[in-house]
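The chain contents come next:
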Amino acid sequence: MIIDDGMLFRQAVEKDAGTLVKLYDQAARWMRANGIDQWKPGGKDTAHFRARMRDGEVWLAEDADGRVVGAYELWWSDEEAWGVQPPVAGYVHRLMVEREAAPAGAGRRILDHAEWRIARTGRERARLDSVSSNPRLVDYYQGAGYRVVGEFPSKKGQDGKVYGVILLERRLDG
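An account of the accompanying structure is given in this report. (Residues numbered from 1 in each chain as written. Predicted model: local features only at pLDDT ≥ 70, side-chain atom pairs only at ≥ 80, totals over all residues. Heavy atoms only, no water.)

### Some points on the packing of helix α1 (residues 17-33) against helix α2 (residues 46-55)
One can describe the packing of α1 onto α2 by two numbers: an axis separation of 8 Å at closest approach and a directional angle of 115 degrees. α1 and α2 meet at a crossing whose hand is right-handed. Contacts between α1 and α2 pair Ala-17, Gly-18, Leu-20, Val-21 and Tyr-24 from the former with Thr-46, Phe-49, Arg-50 and Met-53 from the latter. For the contact of α1 with α2, the per-class residue count stands at six nonpolar, two polar and one charged. (Axes fitted to C-alpha atoms, helices over the stretch in contact; angles between N-to-C directions. Helix = DSSP H or I, 4+ residues; strand = E, 2+ residues; numbered from the N terminus. Left-handed = near helix turned anticlockwise from the far one by under 90°. Contact = heavy atoms within 4.5 Å. Nonpolar A, V, L, I, M, F, W, Y, C, P; charged D, E, K, R; others polar.)

Here's what the structure looks like:
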């Protein structure tokens, strides 16, 4: 476990997949309630999170009582959105916060952990994407030091729908 200012970080294991689905669905419901058309409740199942654990990394953030307060996926490539790239970046996906239990600033601290994890592998950039229709999220990431480096207007979702994403990147200090 890695402790960051009262939050404990640990890599998810298969038995955490159900917790991750609940966290995802909760975040999706919050987005819907706040007029953000990005994630859909039921959009990710346990098989999704188990596959991400095998193909990349999934991290959980817990409070001092062991309660999950957030999570994120870390990928080592994202050809679908970024195309073929040299191995200089880590790709942050599905940054989730448990809004009822997470302390203030938890999203930023989780993002800090992702950046630390990427830098620890010797990669110099953190990358992520946000749907083009969510300017609040783009603003959030820009406030965290990310800059817009492009847009991919035709990403295809699992449901077959096509949508645009804004590509963001942050150079990391070694």
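Text resumes after the structure shown.
### Details of α2
Looking only at α2, the buried set comprises His-48, Phe-49, Ala-51, Arg-52 and Met-53. Considering only its buried residues, α2 is in contact with α1, β3 (57-62), β4 (68-75) and β5 (89-97). Between the side-chain oxygen at the start of α2 and the backbone nitrogen of Ala-47 there is a gap of 3.2 Å, and the oxygen is on Asp-45. (Buried < 20%, exposed > 50% of the residue type's maximum accessible area, 1.4 Å probe, protein only. Polar contact = N/O pair within 3.5 Å; in protein donor to acceptor, adjacent residues only side chain to side chain.)

### What to know about the nonpolar core
Most often, soluble globular proteins have nonpolar side chains that are buried together. Ranked by internal contacts, the top residues of the largest apolar core, which has 25 residues, are Tyr-72, Val-92, Ile-110, Leu-111 and Tyr-146. Here this core gets five residues from one element, more than from any other, and that element is helix α4 (residues 106-120). Ignoring any residue separated from it by four or fewer positions in sequence, one finds Leu-111 in contact with Val-92, Leu-95, Leu-128, Tyr-141, Ala-144 and Tyr-146. Grouped together as the second largest cluster of nonpolar side chains are 18 residues, Ala-12, Leu-23, Ile-36 and Trp-39 included. (Core = buried A, V, L, I, M, F, W, Y, C linked by side-chain atoms within 4.5 Å.)

### So, the pairing of strand β8 (residues 162-171)
Both strand β6 (residues 125-131) and β8 contribute to a ladder of seven bridges, which runs antiparallel. What sits directly across from Arg-127, in β8, is Glu-169. As defined by bridge partners, strand β7 (residues 147-156) adjoins β8 across seven bridges and the pair is classed as antiparallel. Considered in β8, the bridge of Phe-152 is made with Val-165. (Pairing = 2+ DSSP bridges.)

### A few points about the environment of Gly-70
Turning to its location among the elements, Gly-70 is positioned in strand β4. Classification of Gly-70 by relative accessible area gives buried; the value is 0%. For the pair Gly-70 and Val-97, spaced 27 residues apart in sequence, the C-alpha to C-alpha distance is 4.1 Å. Among residues more than four places away in sequence, those in contact with Gly-70 are Leu-23, Trp-59, Leu-60, Ala-61, Met-96, Val-97, Glu-98 and Ile-110.

### A few points about unusual backbone geometry
Phi angles above zero are rare outside glycine, and Arg-94 is one such case at about 50 degrees. The residue Arg-94 is located in strand β5 in this model. Exposure remark for Arg-94: the relative accessible area of 13% places this residue in the buried category.

### Section: the side chain of Asp-129
By the element assignment, Asp-129 lies in strand β6. Using a relative accessible area of 15% as the deciding quantity, one classes Asp-129 as buried. In this view, Asp-129 contacts Asp-78, Ala-81, Trp-82, His-93, Lys-155, Val-165, Ile-166 and Leu-167; residues no more than four positions away in its chain are not counted.

### Details of the packing of aromatic side chains
All told, the structure shown has four aromatic pairs when counted by the stated rule. Just above the ring of Trp-75 sits the side chain of Arg-52; from NZ or CZ to the centre is 4.2 Å. Stacked on the ring of Trp-30, the Lys or Arg Arg-99 has its end atom at 3.6 Å from the ring centre. (Phe/Tyr/Trp six-rings, centres within 6.5 Å; stacked < 30°, edge-to-face > 60°. Lys NZ or Arg CZ within 6 Å of the ring centre and 35° of its normal.)

Bear in mind that shape data such as this cannot, by itself, settle questions of function.
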